[in-house]
Amino acid sequence: MKLARIATDDGPVAGRYEDGVVHTDEGVYEVGTDADFLPPCEPSALYCVGRNFAATIDQMEYERPDEPDFFIKPPASLVGHEDPIPYPSFSNEVTYAGELAAVIDEPCRNLSEDEVPDIVRGYTIMNDMDALDQGGRTPRKAFDASGPLGPWIETAVDPTSIDMYTDVAGERRQEANTELMLFDPYEIISYLSRRVTFRPGDVVSFGSPANPGLVEPGDTVEITYEGVGTLRNTVVDSSERERLALEGETVRS
C-alpha cells in the first residue's frame, strides 16, 4: 500500500494513493488536479547514513567504516515530489544522491534487528543534496530543500534487495541494488536506536551508490527504487528559495 500526504485547497491531508488518486477520510483527491504531493511524513529529524556502498567509498576516497556513519538533516531540508530544489546561492558545486529511506511509525529505542520491521511504517526515497565545496558535513548537507522526499511511503516492500537507478537531465548516473549496502536497513535502524529515541515520522536514509557528476539549475533528478516509486525534482535558480513554504504554510504549485 502507498501512503501519501497531499496539499489541497483545504490544507494538508493524508491517505492511500492508487492510480493517481489519494483516498482520505475527507474525500478523494486527484493528484495534479485537486492536490499536490507533500513530503510523505513530518519528521523531527532525518538521520542519514553515508559511506554505505563500497563504490561510494572508492569514489570519495573514504576509509571503510566499522559501524554506520551518520549525520542529521533538519526538517527545513524537506520538499516533496515534483517540488523545485533551489540551487544554494553559497555553493558552486552541488551533487545529488538517490537513497532509500525508512519512515518510523512509533516512538522507540534500543531495538534489535528483528524488531525493526515492526516499527517501520514503510519506505520512501530521498535525494541527499550535497554542496561539496562547503567546509564540514553539516554545512554541505543541511540547507533548504536539500532533502527531497517522496513521492509516498510504500508499506509492502523488502528493503534488502531493491534495484535502483538515478537519471539526471535524462542521463543515467547511478545504478545499483540495496543488497550492495555495507550495513543493511535493519542493522542501521537498530544501531541508531541505541543512540537516539525515534519519534513517529522520523526518517532514516541508507546511503547512496557512487554519484558521478554535479547538478545545475534546469536539471531534473529522477530517482527510482523498484517496488517503491520514482522521486522527481528539478533544480532551479537560487532566487526560487523565497518561494518555499514557511512553517504552517501549504503552497500548491
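Residues numbered from 1 in each chain as written. Predicted model: local features only at pLDDT ≥ 70, side-chain atom pairs only at ≥ 80, totals over all residues. Heavy atoms only, no water.

1. Observations concerning the pairing of strand S11 (residues 98-104)
- Extensive coverage of S11 is indicated by the burial of seven of its seven residues.
- The side-chain alternation of S11 yields two buried faces, one formed by Gly 98, Leu 100, Ala 102 and Ile 104 and the other by Glu 99, Ala 101 and Val 103.
- Across seven bridges, the pairing between S11 and strand S12 (residues 120-127) is antiparallel. Its bridge partner lying in S12, Val 103 is registered against Gly 122. (Buried < 20%, exposed > 50% of the residue type's maximum accessible area, 1.4 Å probe, protein only. Helix = DSSP H or I, 4+ residues; strand = E, 2+ residues; numbered from the N terminus. Pairing = 2+ DSSP bridges.)

2. Topic: helix H4 (residues 185-193)
- Counting buried positions over the nine residues of H4 gives seven, a clear majority of the element.
- Among all positions of H4, only Pro 185, Ile 188, Ile 189, Ser 190, Tyr 191, Leu 192 and Ser 193 are buried.
- In this structure, the buried residues of H4 make contact with strand S6 (46-50), strand S7 (69-73), S11, helix H2 (116-119), S12 and strand S17 (203-205).
- The N-cap of H4, judged by a side-chain oxygen 2.9 Å from the amide nitrogen of Tyr 186 a few residues on, is Asp 184. (Contact = heavy atoms within 4.5 Å. Polar contact = N/O pair within 3.5 Å; in protein donor to acceptor, adjacent residues only side chain to side chain.)

3. Digging into the environment of Glu 242
- By secondary structure assignment, the location of Glu 242 is in the segment after strand S19 (229-236).
- Looking at Glu 242, the relative accessible area reads 65%, which means it is exposed.
- Remark: the alpha-carbon pair of Glu 242 and Pro 86, spanning 156 residues in sequence, is separated by 9.0 Å.

4. Concerning unusual backbone geometry
- The peptide bond linking Gly 150 to Pro 151 adopts the cis configuration, its omega dihedral lying at 5 degrees.
- Structurally, Pro 151 is set in strand S14 (residues 147-154).
- Phi is positive for Ala 145, close to 65 degrees, though the residue is something other than glycine.
- Mapped onto the fold, Ala 145 is located in the loop between helix H3 (137-141) and S14.

5. Some points on the environment of Ala 45
- In this fold, Ala 45 is placed in the loop between strand S5 (35-37) and S6.
- Residue Ala 45 is classed as buried on the basis of its relative accessible area of 8%.
- For the pair Ala 45 and Ala 14, spaced 31 residues apart in sequence, the C-alpha to C-alpha distance is 20 Å.
- In this structure Ala 45 touches Ile 72, Lys 73, Asp 202 and Val 203, once residues within four positions along its chain are discounted.

On their own, these measurements won't tell you what the molecule is for.
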